[in-house]
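# Structural features, examined
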Amino acid sequence: MIRINEHYLKLKASYLFADIARRVTAYTTAHPDQPVIRLGIGDVTEPLPPACVSALHAATDEMAQRATFRGYGPEQGYAFLREAVAAHDYAARGCAIAPDEIFISDGSKCDCGNIQEIFSTDVTLAIPDPVYPVYVDTNVMAGRTGANVDGRYRGILYLDSTAANGYVPAVPSAPADLIYLCFPNNPTGAVATRAQLAAWVAYAKQHQAVILFDSAYEAYIRDPAVPRSIYEIEGARDVAIEFRSFSKTAGFTGTRCAYTVVPKSLQAYDASGQAHSLHALWNRRHTTKFNGVAYPIQKAAAAVYTPEGQGQTKALTDFYLENAALIRQAMTALGFACAGGDNAPYIWINVQRDSWEFFDLLLTRAQVVCTPGAGFGACGEGHVRISAFNSRANVETALQRIAAALR
Ligand code: MLT
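### Looking at the pairing of strand E2 (residues 102–105)
Looking along a regular strand, one sees side chains alternate from face to face of the sheet. By the alternation rule, side chains of E2 split into Ile102 and Ile104 and Phe103 and Ser105, which are all buried. Looking at chain direction, E2 and strand E10 (residues 258–261) are connected through 4 bridges and run antiparallel. When the bridges of E10 are listed, Ile102 appears paired with Val261.

### Here's the deal with helix H9 (residues 295–302)
The buried count for H9 comes to 7 of 8 residues, which makes it a mostly enclosed element. Here H9 has its buried residues at Tyr295, Pro296, Ile297, Gln298, Ala300, Ala301 and Ala302.

### Section: the pairing of E10
Neither face of E10 is left uncovered, since the one carrying Ala258 and Thr260 and the one carrying Tyr259 and Val261 both have all their residues buried. Looking at chain direction, strand E9 (residues 240–245) and E10 are connected through 4 bridges and run antiparallel. Within E10, the position partnered with Glu242 by the bridge is Val261.

### So, the site of the ligand
Surrounding the ligand, one finds Phe17, Ile41, Gly42, Lys109, Tyr132, Asn186, Tyr217, Lys248, Tyr346 and Arg385. The contact in question runs from an oxygen atom of the ligand to an N or O atom on the side chain of Tyr132, over 2.5 Å. Interatomic distance of 3.0 Å between a side-chain N/O atom of Lys248 and an oxygen atom of the ligand. When the ligand sits alone it has 270 Å² of accessible area, and the protein chains cover 84% of it. Considering only residue class, the shell around the ligand consists of 5 nonpolar, 2 polar and 3 charged.

### Let's talk about the nonpolar core
Within the largest apolar cluster, 88 residues are counted, with the highest numbers of intra-cluster contacts made by Ile211 and Phe246. The dominant element in this core, judged by the number of residues it contributes, is helix H11 (residues 355–366), at 7 residues. Not counting residues within four places of it along the chain, the set of residues in contact with Phe246 comprises Leu81, Val85, Gly251, Phe252, Cys257, Ala258, Tyr259, Ala301, Val304 and Tyr305. Tyr132, Val134, Leu178 and Leu266 belong to the second largest nonpolar core, which has 30 residues in total.

### Examining the sheet that holds strand E13 (residues 337–340)
Adjacent strands of a sheet form backbone hydrogen bonds with each other and so pair up, either parallel or antiparallel. Spatial ordering of the open sheet is given by E13-E14-E17-E16, a layout of 4 strands whose pairing is antiparallel. For this open sheet the edge positions go to E13 and strand E16 (371–372), each flanked by a neighbour on one side alone. The sheet contact formed by E16 and strand E17 (residues 383–387) spans 2 bridges and is antiparallel. By the bridge assignment, Thr371 is partnered in E17 with Arg385. Set on the sheet, helix H10 (residues 307–333) makes contact with E13, strand E14 (346–350) and E17; between it and E13 the angle comes to about 160 degrees.

### Some remarks on a negative patch on the surface
There is a patch of like negative charges on the surface, built from Asp354, Glu357, Asp360 and Glu381. With respect to the helices and strands, Glu357 occurs in helix H11. On the accessibility criterion, Glu357 (47% relative accessible area) is partly exposed.

### Observations concerning the side chain of Gln116
Following the sequence through the fold, Gln116 ends up in the loop between helix H4 (108–114) and strand E3 (125–129). Since its relative accessible area comes to 7%, Gln116 is described here as buried. Engagement of the side chain of Gln116 in a polar contact is seen with the backbone oxygen of Gly113, the distance being 2.9 Å. When residues no more than four places from it in sequence are discounted, the contact partners of Gln116 are Thr138, Asn139, Ala142, Arg144 and Tyr180.

### Section: the sheet that holds strand E6 (residues 156–160)
Within the open sheet, the 7 strands sit side by side as E2-E10-E9-E8-E7-E3-E6. Their pairing is mixed. The sheet terminates laterally at E2 and E6, the two strands that pair on one side only. In this sheet, adjacent strand axes meet at a mean angle of 20 degrees when their direction is disregarded. Across the sheet, helix H5 (residues 133–141) is in contact with E3, E6, strand E7 (178–182) and strand E8 (210–214); its angle to E3 comes to roughly 145 degrees. Packing of helix H8 (residues 278–289) onto the sheet brings it into contact with E2, E8, E9 and E10, and relative to E2 it is tilted by some 25 degrees.

### Quick word on the packing of aromatic side chains
Under the criterion given, the structure shown has 22 aromatic pairs. When the ring of Tyr217 is compared with that of Tyr346, the centres are 5.2 Å apart and the planes differ by 70 degrees; the resulting orientation is edge-to-face. Here Tyr217 is found in the loop between E8 and E9, whereas its partner Tyr346 is found in strand E14, with 129 residues between them in sequence. The two residues Tyr217 and Tyr346 agree in class, both being buried. Aromatic pair Phe336 and Phe358: ring centres 5.8 Å apart, planes at 80 degrees, arrangement edge-to-face. Taken together, the positions of Phe336 in the loop between H10 and E13 and Phe358 in helix H11 put the pair 22 residues apart, joining distant regions of the chain. Neither Phe336 nor Phe358 differs from the other in exposure class; each is buried. Here the aromatic cluster, defined as three or more aromatic residues joined through ring pairs, consists of Tyr90, Tyr231, Phe246, Phe252, Tyr259 and Tyr305. The lysine or arginine in question, Lys299, covers the ring of Phe80, its NZ or CZ lying 4.4 Å from the ring centre. Directly above the aromatic system of Tyr346 lies the positively charged group of Arg385, at a separation of 3.8 Å from the ring centroid.

What counts and what doesn't
Residues numbered from 1 in each chain as written. Predicted model: local features only at pLDDT ≥ 70, side-chain atom pairs only at ≥ 80, totals over all residues. Heavy atoms only, no water. Buried < 20%, exposed > 50% of the residue type's maximum accessible area, 1.4 Å probe, protein only. Helix = DSSP H or I, 4+ residues; strand = E, 2+ residues; numbered from the N terminus. Pairing = 2+ DSSP bridges. Near = heavy atom within 4 Å. Polar contact = N/O pair within 3.5 Å; in protein donor to acceptor, adjacent residues only side chain to side chain. Areas by Shrake-Rupley, 256 points an atom, 1.4 Å probe, with all protein chains shown as cover. Nonpolar A, V, L, I, M, F, W, Y, C, P; charged D, E, K, R; others polar. Core = buried A, V, L, I, M, F, W, Y, C linked by side-chain atoms within 4.5 Å. Contact = heavy atoms within 4.5 Å. Axes fitted to C-alpha atoms, helices over the stretch in contact; angles between N-to-C directions. Patch = residues over 30% accessible without salt bridge, like charges linked within 9 Å, V, L, I, M, F, W, Y side chains within 5 Å. Salt bridge = Lys/Arg side-chain N within 4 Å of Asp/Glu carboxyl O. Lys, Arg positive; Asp, Glu negative; His and termini not counted. Charge placed at Lys NZ, Arg CZ, Asp CG, Glu CD. Phe/Tyr/Trp six-rings, centres within 6.5 Å; stacked < 30°, edge-to-face > 60°. Lys NZ or Arg CZ within 6 Å of the ring centre and 35° of its normal.

So this is what it looks like as structure tokens:
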């Protein structure tokens, strides 16, 4: 008799953003005359930067000619993109990351979800709360947790991120083996200082642990003192894997391109205590289960690093940050305590009531979609996340509607 992976039965019935999409579809089907503005899932709305579009066209033309056509590329990504990433995102910021430590992929969601496969199922997890639900759900699927009791899975060391700690959890006193950190943070929009990240690197060294550092939103950092990469912290090469994406940097949510950095100096241990290279394990996994990102998409991603691409992506992220400032101002003026939005495209709002109730209120009275904080964890209750990803006209209309609905 075929049997299922019963760890799936511990999960909530649907993924957070799928659940929200289902509720919004039910509402719009019942009220087709009431157009909804989506500030829920962080999905970009502005077109690809022109430099990326030109590169995409040129590469597509190459694929149309026998002489320049390409089939399978290297699973880890083409050298032209890995070299551009190493030079611009790392060497330029003083981080020693080699091109062959960079694995090009089709998204950070997939990479964050897949990376846990190379670790033992009995490692201790430390995961912030609130948090991007992929980190938790993929570990539940793998059997690394117990049952969900009162909104929290047994076996996870939760790192509470609250207004009291500025949404940056301090290192715990208890040991953990695999630590998830995300800065700029999804969902709170908080950033971590150099000293805070250094404390995490020291903790990981002390416990022979690994940090999984999600910096998908680094392009939104405007404060020059805030590190954009964990590798700006001394010693991080020996304890951290970093995830980055072109999705929110250059509008690639539909185009799909990201990368994961696994330094060759990073090691983890087998049951006998013998050290193994995580780069070798991830390379083994990647080459077995992935066939690379499409050549035209990698060419488009590489165009981000041209002078034109750099200017255009800065303008794009500036645009969303201006939206974020408008949202934060408007929600603050309505009397809510807000965090985030200055170095991140998310505004985290203390709505002082049940977060799904506030979600329903905005949907039914303002026709605006937000994300209920409870969907990100127990500490998210009482909050909602509003995303800055939309057109200026839609953001302005949404804020007018919210003000009218709450009056
Ligand atoms: C979010 O809204 O949290 C993100 O869009 C999710 C993602 O990038 O997968």
